Amino acid sequence: MPLHLLWLSLGLLGALQAQAQDSPSPLIPAPPLSKVPLQQNFQDNEFQGKWYVVGLSGNAIGREGQDSPKMYATIYELKEDKSYNVTSVLFRKGKCDYWIRTFVPSSQPGEFKLGNIESHPGLTSYIVRVVSTDYEQYAMVFFRKVSHNREYFKVTLYGRTKKLTSDLKENFTRFSKSLGLTENHIVFPVPIDQCIDG
């Protein structure tokens, strides 16, 4: 699977990463996990279901000269072994694209690793951490990966609906900036109806 498709499958739009790869400037370093909160008493059953990607920030994301990305949806389906089947649905080039992967529980509730990582050439580490959620309205999730010896990180603001309060968006922006990101690394995808409402 090409790297940009893998990244899409992990929830980041390919065009944004291509821009970052073409950029000669170094990436903002990923924060140590000790600086990334973890949702206390994580309830895996309540977290499952459909989430819309309302906000996105990361060291490989840039707003300058880019059209606003389109909103997409990610569905978490809890399996008996407490891992998730995770499916992202994106509207690209006039059709629906689906990417499926598995998030396997780590040593702490609310933290996961990418399952079957060896099937992704160049990818040596992938961590997912639920920072905070109320399960019914929003979730903030931190992702960190090492691919081809470069470390990428992002934060996704999920909503059970396509619109979240300005307070939740401001909290997301504040948290993103606390990890060293700037306004240019933060985007709010444009809501769409295609593919993600099924």
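Further up the page is the structure itself.
Residues numbered from 1 in each chain as written. Predicted model: local features only at pLDDT ≥ 70, side-chain atom pairs only at ≥ 80, totals over all residues. Heavy atoms only, no water.

Engineer: Is there a simple way to think about the pairing of strand S5 (residues 111-114) in this case?
Structural biologist: Within a regular beta strand, the side chains point alternately toward one face of the sheet and then the other, so they alternate between its two faces. Of the strand pairs in this sheet, strand S4 (residues 95-105) and S5 are connected by three bridges, and their pairing is antiparallel. Bridge pairing in S5 places proline 105 opposite phenylalanine 112. The turn joining S4 and S5, which pair antiparallel and follow one another in sequence, is formed by five residues; a positive phi near 95° is taken by glycine 110. The pairing of S5 with strand S6 (residues 123-133) spans three bridges and is antiparallel. Residue glutamate 111 lies in a different strand from S6, and its bridge partner there is arginine 129. (Pairing = 2+ DSSP bridges. Helix = DSSP H or I, 4+ residues; strand = E, 2+ residues; numbered from the N terminus.)

Engineer: Help me understand the pairing of strand S8 (residues 150-159) in this model?
Structural biologist: For S8, the buried fraction is high: eight of the ten residues fall into the buried class. As paired elements, strand S1 (residues 49-58) and S8 share six bridges and run antiparallel to each other. Paired with valine 53 across the bridge in S8 is tyrosine 158. Bridge count between strand S7 (residues 138-147) and S8: ten bridges; the pairing is antiparallel. Along S8, the bridge assignment pairs alanine 139 with tyrosine 158. (Buried < 20%, exposed > 50% of the residue type's maximum accessible area, 1.4 Å probe, protein only.)

Engineer: Quick question: what am I supposed to make of the side chain of asparagine 59 here?
Structural biologist: With respect to the element layout, asparagine 59 can be found in the loop between S1 and strand S2 (73-78). A distance of 3.0 Å separates a polar side-chain atom of asparagine 59 from the backbone nitrogen of phenylalanine 153. Setting aside residues no more than four positions away along its own chain, asparagine 59 makes contact with Leu27, Ile28, Glu151, Tyr152, Phe153, Leu181 and His185. (Polar contact = N/O pair within 3.5 Å; in protein donor to acceptor, adjacent residues only side chain to side chain. Contact = heavy atoms within 4.5 Å.)

Engineer: Would you mind showing me how to read the state of the cysteines here?
Structural biologist: Here a disulfide denotes one covalent bond, and it connects the sulfur atoms of two cysteines. Scanning the entire structure with this criterion turns up one disulfide. At a sulfur-sulfur separation of 2.0 Å, the disulfide partner of cysteine 96 is cysteine 195. Around the S-S axis, the bridge from cysteine 96 to cysteine 195 shows a dihedral of about -90° and counts as left-handed. Within this pair, whereas cysteine 96 is found in strand S4, its partner cysteine 195 is found in the segment after strand S9 (186-187), the two being separated by 99 residues in sequence. Taking relative accessible area as the criterion, cysteine 195 reaches 19% and is therefore assigned buried. (Disulfide = S-S within 2.5 Å.)

Engineer: For this particular structure, what's the right way to read helix H4 (residues 166-178)?
Structural biologist: Each α-helix winds once per 3.6 residues, and so residues spaced three or four apart point in a common direction. Look at H4: 18 Å from first C-alpha to last across 13 residues, which is about the 18 Å you get at 1.5 Å a residue. Buried within H4 we find Leu168, Phe172, Thr173, Phe175 and Ser176. Buried residues in H4, looked at end-on, bunch into an arc of 165°, giving them a common side. Residues Asp167, Arg174 and Ser178 are exposed on H4 and point more than 90 degrees away from its buried face. (Expected span 1.5 Å × (residues − 1). Arc of directions from axis to C-beta.)

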